[in-house]
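Chain by chain, the residues run as shown.
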Amino acid sequence: MNKTKVFFLIVLLLANVPFLSACGTTSGGVSLRELNELNVVMVTGIDYDNEKKEYVLSIQSVKPATTKGGGISKESVYTAKATGKTIMEASKNLRASTSGKLIWFHSKSVILGGDLVKSKDLKEVVDFLARNREIRLTAWVLTTHGKATDIITAKPNSEVTLGDELEGIISNQSEWGKATVLTLKDVVNLYENPHQGFVTGHIVQKEGIKEGKKILAIEGATVIFRRRFLMHLSNEEVKPYHLLKKVEDREPEMIFNIPLEKDDNEEELNTAVKVEVKDRKKEVTFENGIPAISIQLNMDATIMETGTEENLRTDQTNEKVLKEVTRQIRNHTERLVYKVQKEKNVDIFDFSGLIHRKEKKYWREHEKDWDQIYPEIPIQLSVDWNIVRNGMITQIKQGEQQ
Amino acid sequence: MTEFIKPKKVKRSTEKIEEKMQEKIDEKDWSKWGIDSSSEVNKKRFKNIFDPNTMFEAREVLFPKGVKGVVCYFDDLVISAEVNEHVIEPLVEHGPEAMFKDLGERVITSKKIRQFEKLKDAVDFLTSGGTIVHVDGMNYFIGVVAPGFPARSVTEPQAEPLVRGPREGFTEKLQDNSALVRKRLRTPDLKSEEMKIGRRSKTTVLIMYVDGLVADDVLKTVKDRMEKIDIDVLIESAQLEELIEDDMFSPFPQIVHTERPDKVVAGLAEGRVALLIDGTPFALIVPSVFYDFMQASEDYYERFYFSSAIRILRMITFLIALLVPSIYVAVTTFHQELIPSPLLYTIIAARAGVPFPVVIEAFLMEISFEILREAGVRLPRPVGSAVSIVGALVVGQAAVDAGIVSQPMVIVVALTGIASFTIPAFNMSMTTRLLRFPIMFIAATMGLFGIAVSLMLIGLHVCALRSFGVPYMSPAAPLHLKSWKSEIVLFPFFFRRTRPEYIQKHDLQKNATKPRQEEGKK
């Protein structure tokens, strides 16, 4: 072939390039979407209608219009709802009432309604969320006891859109320690696990400061085990959960209130201690053929507020403070472990995974008996304290008068 | 100096002269004409060759005993006063007797004397600013060099300004340019060979190189390619560049041109060949690789931290200039998931009223930007700046306000334009400007995949490209890590000990300075 022929061949090939854009599909390849047409879904809610046996998909989306300096105005936020035998059908039915091309890439949170979580196998839902290439694995999965639609249509308190509001609330979990929200990736990893359950956030509408105005808040968490709803954890119960299992990359801060002394009216004067896990070691030991798990926590403590008159600099006070905090931590964890281990027989702390990793031989032999073994496993918790910080002051006292 | 032989005295009648003229004029091709012993005949022959030409002067000089002489020159190409002083006056003063003995040595006081045995050579000499002397009885011409071309004085280079460094730039005069180079490189190894290119223009091209440093095959290639050139008129270095470069269809420039003598000297010291062309202030440096186009001479005159940072920045701006509009088009039409949510909302909001698809918008803006730039360059300088201000501020702002283009697109186009200005070599910057359009088109049809494909094609092309046998992407591909120290980033001087090893391999040691021990520290 001479050079001219090659040249014309290349020109011919290049001339076909524009047609490639027509070959695109949503399941792969190239697909052209103009920015002006986009209707960006920010939050997705999935409900199940038990009477009609149908899924209800509700979304909050944003279709930004010209604004000075960009951003989103309240007028460009929309909600929509559609039903279908499957979630995918419902999502297609959404198009009946929405303008623009819906894209799910920026849907940061998925809310699962109470009816769906409590009465349905979650297989279809998680499969839909994981299979769809538009939904990100980093999306947060939340549950609610009522209808997800109600949460979707709720008015955000501080942000313009609900999506931003939810993201803001969720990102605060490490500052608080009483909430835990999983991403879709973790949910996909754990929901089929026959030995472990997973814990994810539970969102509710609460009464705000203004009368009649409802606000969104994370309240406790939902435990889902073997694709189904198992139990609810309160905010206080999430705290020891964070101590026993590393959930987020950043360990959350949590506050323990300890009564150090009483005032003249015999009322307790509390001291607030901020506690942060620095290191966590989990070991498996065997006693009479039964595995035992010991957890060693290495923690920092900071005194944030106190009503006591004692000198907080002394070792005795420090010891007293730490002893009390340790006692509370033990109490909290024992209560939680009793509830999930003895009462519900669900492993939410990844103990089964720990034994699997550390004692492969034992696990292979006893995996099938895990349901019987798990409630009997003793769990020992020991707490080491690194340092006690006192904050900016030691004690506020009246200065010497001259 | 040439030995002059005293010719026999010949006397001829006017008739005889006429006869001789006639017989020679019958021969149409003047290049075959010979040299006659009579100066009058020769004068007529020159007149015949050049007339009508008001600038051609053939002055007769009369000596005693009826001996005649003729002095020919182009009035516009020589300084008449010099011809008078150094040629005619001495001739008349000393008379023909002394003249034949040592015409060149004593009589003519000018410095440069040549002897021509052929009429054709004498004609060439005349047209390049020489003066021809002939006295009855000689069977050769004497050429005196007293050129007086109009020339610009040495000024600061316009195209390559810098903050620190020599401010001398080449001019249109070859001798001056050669001097500017030679005064910076006073080694006897600095050789220069002359070559005439252009059938009619006979432009002098000076091939300069440092003997012992230059790679012989490169030098040979340069000479071979130049010898094969057969063009009519060579006006600018660009023509020569196109005629000798390896791949004239490549969008990438393969030969560095510069107005700066210091850059030429640096190139020569690395073993490159410099080509100085008469009539243009631009010299060519071969071989040149991609990274040479990303360097400014000032890099070497600033502190190495700054120079390294600037060089890395230039690599980034090269990519920005080449790719940013395409990436913007691809990401906004195909891959909205790549844009962080808040930014996406901002872009959508900014684009809400725009009636065109992103790619049309991008093409509109890019083309209007090129129009503005071209208008700014072509117009007289005072008007040019006004056009760019009107274009950039007024039209841009009005287009955004009217909702024809969006603000992010203005930012993208402006960023791209400014990024392309940071590339030191103007021809490389033009390459990015031009390549941007096909990449944008492919990005608009195939998204990021298309950009990846285009980059791969460009990568394949530049890796296959060679400049006089040197791979174009050296020292990156093939890898010469030692050369990175002075070619891609800039290490301190102590570490830059070698010359780039892809230019030549036989003499690499450039600098042997050892780091100085701190005083008092042993």
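Residues numbered from 1 in each chain as written. Chains lettered and ligands numbered in written order. Predicted model: local features only at pLDDT ≥ 70, side-chain atom pairs only at ≥ 80, totals over all residues. Heavy atoms only, no water.

**Some details on the pattern of salt bridges**
Residues and elements named next belong to chain B. Tallied over the entire structure, the rule returns 45 salt bridges over all chains. Residues lysine 223 and glutamate 193 are paired through a salt bridge, measuring 3.0 Å at the closest nitrogen-oxygen approach. Placement of lysine 223 in helix H6 (residues 216-227) and of glutamate 193 in strand S6 (residues 190-197) is noted, with a sequence separation of 30 residues between them. The exposure class of glutamate 193 is partly exposed, given its relative accessible area of 27%. In this structure, arginine 260 and aspartate 262 form a salt bridge, with 3.1 Å as the shortest nitrogen-oxygen distance. Residue classification places arginine 260 among the buried positions, given a relative accessible area of 1%. Taken together, the salt bridges that share partners define one network made up of Glu366, Glu370, Arg373, Arg433 and Arg436. (Salt bridge = Lys/Arg side-chain N within 4 Å of Asp/Glu carboxyl O. Helix = DSSP H or I, 4+ residues; strand = E, 2+ residues; numbered from the N terminus. Buried < 20%, exposed > 50% of the residue type's maximum accessible area, 1.4 Å probe, protein only.)

**Examining the pairing of strand S11 (residues 253-262) of chain A**
All names here are of chain A. Direction of pairing for S11 relative to strand S12 (residues 268-287): antiparallel, over a ladder of nine bridges. Of the residues in S12, the one forming a bridge with lysine 262 is glutamate 268. Count of turn residues in the S11/S12 antiparallel hairpin: five residues, of which glutamate 266 carries a positive phi of about 65°. (Pairing = 2+ DSSP bridges.)

**Brief notes about unusual backbone geometry**
All names here are of chain B. Along the chain, valine 286 connects to proline 287 via a cis peptide bond; the corresponding omega equals -10°. Relative to the elements of secondary structure, proline 287 occurs in the loop between strand S10 (283-286) and helix H9 (304-333). With an omega of 0°, the peptide bond running from alanine 477 to proline 478 counts as cis. By the element assignment, proline 478 lies in the loop between strand S12 (470-471) and helix H15 (481-487). Backbone geometry at lysine 202 places phi at a positive 50°, although glycine is not the residue there. Tracing the chain through its elements places lysine 202 in the loop between S6 and strand S7 (203-210). Residue class for lysine 202 comes out partly exposed when judged on its relative accessible area of 35%.

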